[in-house]
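Below, each chain spelled out in residue letters.
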Amino acid sequence: MRLSTTDIYAFQSLGYLGAQYKGADEAERWISSDEISEHTHIARPYLVRILAALTAKGVIKSKKGIGGGYALARKPKLISLCEVVRAVDGPVAPLSCISLNWGEHCVEEDRCHARTTVYKRMRDAMLSVLQEFSVEDLVIDARQGVSYGHCLEHLLRPNV
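The rules we used
- Residues numbered from 1 in each chain as written.
- Predicted model: local features only at pLDDT ≥ 70, side-chain atom pairs only at ≥ 80, totals over all residues.
- Heavy atoms only, no water.
- Core = buried A, V, L, I, M, F, W, Y, C linked by side-chain atoms within 4.5 Å.
- Buried < 20%, exposed > 50% of the residue type's maximum accessible area, 1.4 Å probe, protein only.
- Helix = DSSP H or I, 4+ residues; strand = E, 2+ residues; numbered from the N terminus.
- Contact = heavy atoms within 4.5 Å.
- Expected span 1.5 Å × (residues − 1).
- Arc of directions from axis to C-beta.

## Observations concerning the nonpolar core
A general tendency of soluble globular proteins is for nonpolar side chains to be buried together.
Here comes step 1: The biggest cluster of nonpolar side chains holds 35 residues, and the ones touching the most others in it are L14, L17, I36, L54, V59, I60 and V84.
Here comes step 2: Taken together, the elements giving at least two residues each to this core come down to α1 (5-20), α3 (44-56), β2 (69-72), α4 (81-89), α5 (113-132) and α6 (135-143).
Here comes step 3: Contacts of I36, omitting those with residues within four sequence positions, involve S13, Y16, L17, I31, H41, L47, L51 and Y70.

## Regarding α3
Here comes step 1: Between its first and last C-alpha, α3 extends 18 Å over 13 residues, near the 18 Å set by a 1.5 Å rise per residue.
Here comes step 2: L47, I50, L51 and L54 are the residues of α3 that are buried. Down the axis of α3, the sector holding all buried residues measures 100°, keeping them to one side. Those residues of α3 that are exposed and aimed more than 90 degrees away from the buried face are P45, R49 and A56.
Here comes step 3: For α3, the elements touching its buried residues are α1, α2 (33-40), β1 (60-63), β2 and α4.
Here comes step 4: G58 sits one or two residues past α3 and shows a positive phi near 80°.

Structure representation (structure tokens):
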């Protein structure tokens, strides 16, 4: 698994939304895509596509019209990074033959030693780390003004 530009931008925007989260007891503040774009430096057209994917998967919620915008669907600590990556990128597994949610049959799966030893352990390790951390961890960076824009310079590309 490699992080994508979309993952980085989703993390940055969720960190910002999480920093605005007031809790169930206080009046909810809806954050416009313009405000998120301004504070995260994510181009609004790209941001809107990410926000739509996160909304469709129930990570965030949206409200149309005047006074509308976006807000976290749950407390920041209840939204795992695994849920976020799945919402914007789909499967976390490195191969479809071991995917828990999007699995596909392989003719060699009963005989494939790498599948049961290496590939499944890779999947489980990635899932474990992504489940261990949440949007609350991203809020820490957002409150300190950390920009994930620099991460884009360090994304690994195929065949690099």
